[in-house]
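Residues per chain, in single letters:
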Amino acid sequence: MYQWRKFEFFEEKSSGKCSMPKEIEGNIECCSSGRGKIVVGCDDGTVNLLDRGLKFMYGFQAHTSAVLFVQQLKLRNFLVTVGVDEQTSPQLSPISLKVFDLDKMQSESSSTNIPVCIQILRIFTSQFPVAKITSFLVLEEAPPILLISVGLDNGCIYCIKGDVARERITRFTLQVENTSEKSSSSVTGLGYRVDGQSLQLFAVTPSSVSLFSLQDQPPRRQTLDHIGCDVNSVAMSDRSELIIGRPEAVYFYEVDGRGPCWAFEGEKKFLGWFRGYLLCVIADPRSNKNTFNVYDLKNRLIAQSMIVKEVSHMICEWGNVVLILNDKTALVIGEKDMESKLDMLFKKNLYTVAINLVQSAQADAKATAEVLRKYGDHLYGKQDYDEAMAQYIHTIGHLEPSYVIQKFLDAQRIYNLTNYLEKLHEKGLASKDHTTLLLNCYTKLKDVEKLDLFIKSEDGLGEHKFDVETAIRVCRAAGYHEHAMYVAKKAHKHEWYLKILLEDLDRFKEALDYISSLEPYQAGITVKEYGKILVEHKPVETTDILMRLCTLDEESSTKKASSGTHLSILPSPVDFLNIFIHHPQALMDFFEKYIGKVEDSPVQVEIHNTLLELYLSNDLNFPSLSQENGFVAPYLEGTSSLGASTSTTAESKDVNKEEHKQRLEKGLALLKRAWPADMEQPLYDVDLAVILCEMNSFNEGLLFLYEKMKLYKEVIGCYMQAHDHEGLIACCKRLGDVSKGGDSSLWADLLKYFGELGEDCSKEVKEVLSYIERDDILPPIIVLQTLAKNPCLTLSVVKDYIARKLEQESKLIDEDRKAIEKYQEETSAMRNEVQDLRNNARIFQLSKCSACTFTLDLPAVHFMCMHSFHQRCLGDNEKECPECAPEYRSVLETKRNLELNARDHDRFFHQVKNSKDGFSVVAEYFGKGIISKTIEVPQDNTT
């Protein structure tokens, strides 16, 4: 053991070496510690209590003579003592056991503190003969149960178990050895071992080590060894191991026998255990001095070694070791803090010891990592890079990686750096920059095997231990496209996978196959991003994929139905418009296929708008077959460039005209198909369609739209612009027929057009006049004024029309004159009758009742209308004639309605507007007296 390093991990505390309090007058026989105090028993029977600074707290007379043993309990503030009292009888031993409750003081003693003695027991009785007590130990079981063991010089152990305070106890004896020599059979040490429900007792004699299993009845004894030790050389470790000290070594015992032994030479006067350290007071026969050693058995070092005087007792309390010397002085020794110990080791470059020390002390991982870092820095300074990296690797998770990385950026130490970065990724602590650096290391080393292992290795959950996008970027930049594609595919980074295929490798067919294998939603996202490239190189295949995405084809209908996919959640074709920005032909093909397969699509309006724009466009460039397939026709080879250019241009123009014509036909068909007769609004934007037709001079579509929108004037306006007189008249025949819902005012517009034409159009004018005359659309005066503006028209054009109109007017005048004469005669007769009624008497000569037709008798009632009635036939109604009253009421109701209509201006103007002859409506209102009366509104004269 002389190779063990010695350190000064302990130091004398502030109290240091001090004298015991003067209040302790007797010799110290025994000591105990616990609950923050030290208890000292003296040969004069007193017990003294000391505080943390070894200051006297109080003392009391526990026994008459000497205090042999004392033990402070941990769970309860009880003090158990064994001492000599007065001998009351020769048959009784003066030795007794007392239990004091230190929380209770005797009330009659005011000057001193004397705790209450709650129990006094005689150790020796008739059944337990008197012997010398050599060892003493108390175990606190579940309160208030105590187990007291008293070791004797005859090899016996007296045990007292139970509630000692109430004297509810049982006594039993354990026999260690049967030998005649008391010197070799006396019990020098005791130790309890509690393991769950198992309770065991170690017993040591100078010649043996035994173990009693107290849970057995009777207790079973087991001899662990045939060597022993003297008094004060027995201790228990914190792992419930028995420790005995002999001159040649220190031995450890467990329940199954002897364990490890440590060859520390010298007589072990005192043995103890403190915080994992072995405490020994060893007598050196060569120097006749006592040495106090503190052994760190785990790290195999001596934590403290110092020369001390004769030690009488050794106890541990307050985290310190207290040595009580024979000269009544005490030495308080405490452990230094971890930082001080590490600084001491760092100064001596003992990094391995420092690491072992922090690990054995179960320090936090951060403190351990700091020690490892310093060790690594030390090795790095010695240029031992491999060992330094080994230490740095242990700091992962606690030390900033950049601290290590910057030390190994040199190309000569790239292997060490690679190793560190690999470990960093294994623990899942690598950032994007670390992944980039590691992959760069692999690529610089050209270590494809490690690159494969790193890229393709994954943990149990199938997730990579690195940042996926960083790995893809680095591998792609270094030219390792397959590795980048592997990572992208494994991590479902579809956009990266396709970016490499399309931008780096030009593998368009493979990219399309990959997109086809994706879920519809993800496939739609990727096509939106990379569709421009795909359409440029594989337009047909890309269109097919889009059709599968946007429609439910036969192959995928079953699979999608099982997964609950419906048309409403499929990608919209309109979302892919941007990928066809330079390929209108492909866009047109795609939309044509889509509307041919999907009916009632929610985006059919947008699709129809786009198709109309494509169909009606004049400058849509269609790539020729040679340009699309990338070859030149063989017959062009060898010809002059000018001739070839001229021939190609002419053919291209012819092809473009034919294709443009076909597209216009498709556009017109779409306009008609998307606006059926039974729909008020079409399946496209009407305003946009009109604008497109006007911009591209597509008259056929424009005429159809105007007619569907009932903009008949705009329809004939198109014919007027084209000077298509025949079509113009035919259009008016079709759209100007009022019986079919047409607009008769079109003929007036047509007549005005011919009147302002400025050329001979007699034939057309005559035809127009025939329809105007038939439907009585315009008065003759308006017709004449309109046609008079055209200097090329002669009177012969309107002669027949005027003659007919004059003849009609003459007939109407004659009919009106006759009606006037008739009304005048009737009016004159009515006035004469009124005058007669006012001035002359009336003679009633009726002989029969107008109601019952019986002979008229009195009382009778005669009315001015020459009707007579029995009074009984009239009942209560004697004021009006029953025969004439209904007619009179009808006239009054009609008059009342006319007066009400006079206030309904909207109705009046509506009739004027919708009538062929508005003047006749006004005349009718005057004739009926509706608007002949004027209503004066009273004026407010207030100022």
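Asks: Whenever I open this one, the side chain of Glu140 confuses me. Can you help?
Replies: You can see Glu140 is positioned in strand S11 (residues 133–140). Buried charged residue Glu140 carries no salt bridge. Nearest counter-charge: Arg76, at 4.5 Å. In this structure the side chain of Glu140 is engaged in a polar contact, spanning 2.5 Å, whose partner is the backbone nitrogen of Lys74. At 3.3 Å, the side chain of Glu140 forms a polar contact with the backbone nitrogen of Arg76.

Asks: Sorry if this is basic, but what is going on with the sheet that holds strand S9 (residues 95–105) here?
Replies: The strands making up a sheet associate through backbone hydrogen bonding, with each pair oriented either parallel or antiparallel. Ordered in space as S7-S8-S9-S10, the four strands form an open sheet in which the pairing is antiparallel. The open sheet has two free edges, formed respectively by strand S7 (67–72) and strand S10 (115–122), since each of these has just one partner strand. Shown here is a sheet whose adjacent strand axes are inclined to one another by a mean of 20 degrees, direction ignored. Of the pairings in the sheet, the one linking strand S8 (residues 78–84) to S9 comprises seven bridges and is antiparallel in character. Each bridged residue has a counterpart across the sheet, and for Gly83 the counterpart in S9 is Ser96.

Asks: Explain the packing of aromatic side chains to me, please; I cannot follow it from the model alone.
Replies: The geometry of an aromatic ring pair comes down to the distance between the two centres and the angle between the two planes. Tallying each qualifying case throughout the model produces 20 aromatic pairs. Both rings, one in Phe863 and one in Phe869, keep their centres 5.9 Å apart while their planes meet at 75 degrees; by these two values the pair is edge-to-face. Accessibility classification places Phe863 together with Phe869 in one group, the buried group. Among the aromatic residues, those joined into a ring-pair cluster are Trp4, Trp262, Phe264 and Tyr295. Lying across the ring of Tyr385, Arg413 places its NZ or CZ 4.6 Å from the centre.

Asks: Mind showing me how you'd approach the packing of helix H12 (residues 494–504) against helix H14 (residues 520–537) here?
Replies: A pair of packed helices is captured by two measures, namely the crossing angle of their axes and the spacing between those axes. Between H12 and H14, whose axes approach to 10 Å, the crossing angle comes to 20 degrees. With respect to each other, H12 and H14 are oriented roughly parallel. You can see that H12 and H14 cross each other, and the crossing is right-handed. The segment H12 lies against H14, with His494, Glu495, Trp496, Leu498, Lys499, Leu502 and Glu503 engaging Gln522, Thr526, Glu529, Tyr530, Ile533 and Leu534. Here the contact of H12 with H14 is built from residues that sort into six nonpolar, three polar and four charged.

Asks: I would appreciate a short explanation of the layout of surface pockets in the present structure.
Replies: Quantified by volume, the largest pocket comes out at close to 1700 Å³. Residue lining of the largest pocket: 43 residues in total, with Cys31, Gln71, Phe136, Leu137 and Val234 positioned closest to the centre. The set of elements that each furnish at least two residues to the lining of the largest pocket consists of strand S3 (28–34), S7, S11, strand S15 (189–195), strand S19 (234–236), strand S23 (267–274) and strand S27 (311–317). For the lining of the largest pocket, the residue count by class is 24 nonpolar, 15 polar and four charged.

Asks: Honestly, the pairing of strand S29 (residues 329–335) in this entry has me stumped. Any pointers?
Replies: Working note: regular strand, side chains alternate between the two faces of the sheet. For S29, the buried fraction is high: seven of the seven residues fall into the buried class. Going residue by residue along S29, you find Thr329, Leu331, Ile333 and Glu335 tucked away on one face and Ala330, Val332 and Gly334 tucked away on the opposite face as well. In this structure, strand S28 (residues 320–325) lies alongside S29, joined through five bridges in antiparallel fashion. If you follow Val321 over to S29, its bridge partner there is Ile333.

Asks: When you look at the confidence of the model for the chain in this model, what are you seeing that I'm missing?
Replies: Low-confidence regions, as indicated by low pLDDT, have predicted coordinates that should not be scrutinised in detail. Averaged over every residue, the pLDDT of the chain is 80; the share at 70 or more is 89%. Here residues 554–568 is modelled with pLDDT under 50, and outside its nearest four sequence neighbours on either side it reaches ten contacts, counting other chains as well. Every residue in residues 622–648 is under pLDDT 50, and counting partners more than four places away or in other chains gives ten contacts.

Asks: Help me understand the state of the cysteines, please; the structure alone is not making it clear to me.
Replies: In protein chemistry, a disulfide is the covalent bond that joins the sulfur atoms of two cysteines. Evaluation of the coordinates by the stated rule reveals zero disulfides. Free cysteine Cys873: the closest other cysteine sulfur is in Cys852, separated by 3.7 Å.

Asks: I would appreciate a short explanation of the sheet that holds S23 in the present structure.
Replies: Judged by pairing direction, the sheet is mixed, and its five strands sit side by side in the order S1-S26-S25-S24-S23 without closing on themselves. One side of each edge strand has no neighbouring strand; the edge strands of this open sheet are strand S1 (5–6) and S23. Sheet analysis places strand S24 (residues 277–284) next to strand S25 (residues 289–296), joined by seven bridges and oriented antiparallel. Within the sheet, the bridge partner assigned to Ile282 lies in S25 and is Thr291.

Asks: Please clarify how the packing of helix H2 (residues 338–347) against helix H3 (residues 351–360) should be interpreted in this entry.
Replies: At their nearest, the axes of H2 and H3 sit 8 Å apart, and the two run at 160 degrees to each other. Between H2 and H3, the interaxial angle falls into the category roughly antiparallel. Of the two possible hands of crossing, H2 and H3 adopt the one that is right-handed. Taking contact as the criterion, the partners of Met338, Lys341, Leu342, Leu345 and Phe346 in H2 are, on H3, Tyr351, Val353, Ala354, Leu357 and Val358. The residue makeup of the contact of H2 with H3, split by class, is nine nonpolar, no polar and one charged.

Asks: Before we go on, may I ask you to explain helix H8 (residues 432–445) in this structure?
Replies: At 3.6 residues per turn, the α-helix brings residues three or four places apart onto the same side. Helix length check: H8, at 14 residues, gives a terminal C-alpha distance of 20 Å against a target of 20 Å (1.5 Å per residue), a fit within 8%. For H8, every residue scored as buried is listed here: His434, Thr435, Leu438, Leu439, Cys441, Tyr442 and Thr443. The positive-phi residue at the C-terminal boundary of H8 is Lys446, with phi of around 55 degrees.

Asks: Even after reading the chapter, I still don't get the environment of Val150, so can you show me in this structure?
Replies: Tracing the sequence through the fold places Val150 in strand S12 (residues 146–152). Owing to a relative accessible area of 0%, Val150 belongs among the buried residues under this scheme. Sequence separation of Val150 and Val138 is twelve residues, and the distance between their C-alpha atoms is 8.7 Å. Beyond its immediate chain neighbours, meaning those up to four positions away, Val150 contacts Ile133, Ser135, Phe136, Cys156, Ile157 and Tyr158.

Asks: Would you take a moment to explain unusual backbone geometry for this structure?
Replies: Negative phi is the rule for most residues except glycine; trans is the rule for most peptide bonds. With an omega dihedral of 10 degrees, the bond running from Pro143 to Pro144 counts as a cis peptide bond. Take Pro144: it is sitting in the loop between S11 and S12. The omega angle of the peptide bond from Gln217 to Pro218 is -5 degrees, so this bond is cis rather than trans. Secondary-structure assignment places Pro218 in the loop between strand S17 (208–213) and strand S18 (220–225). The backbone of Trp318 shows a phi angle near 60 degrees, a positive value even though the residue is not glycine.

Reading the values: rules and limits
Residues numbered from 1 in each chain as written. Predicted model: local features only at pLDDT ≥ 70, side-chain atom pairs only at ≥ 80, totals over all residues. Heavy atoms only, no water. Helix = DSSP H or I, 4+ residues; strand = E, 2+ residues; numbered from the N terminus. Buried < 20%, exposed > 50% of the residue type's maximum accessible area, 1.4 Å probe, protein only. Lys, Arg positive; Asp, Glu negative; His and termini not counted. Salt bridge = Lys/Arg side-chain N within 4 Å of Asp/Glu carboxyl O. Polar contact = N/O pair within 3.5 Å; in protein donor to acceptor, adjacent residues only side chain to side chain. Pairing = 2+ DSSP bridges. Axes fitted to C-alpha atoms, helices over the stretch in contact; angles between N-to-C directions. Phe/Tyr/Trp six-rings, centres within 6.5 Å; stacked < 30°, edge-to-face > 60°. Lys NZ or Arg CZ within 6 Å of the ring centre and 35° of its normal. Parallel < 35°, antiparallel > 145°, perpendicular 65-115°, else oblique. Left-handed = near helix turned anticlockwise from the far one by under 90°. Contact = heavy atoms within 4.5 Å. Nonpolar A, V, L, I, M, F, W, Y, C, P; charged D, E, K, R; others polar. 1 Å grid on protein atoms, 1.4 Å probe; cavity = no way out; pocket = protein on both sides within 12 Å on 5 of 7 lines; lining within 4 Å. Points joined across faces, edges and corners; volume = space filled by probe spheres on them. pLDDT = per-residue confidence, 0-100. Disulfide = S-S within 2.5 Å. Expected span 1.5 Å × (residues − 1).

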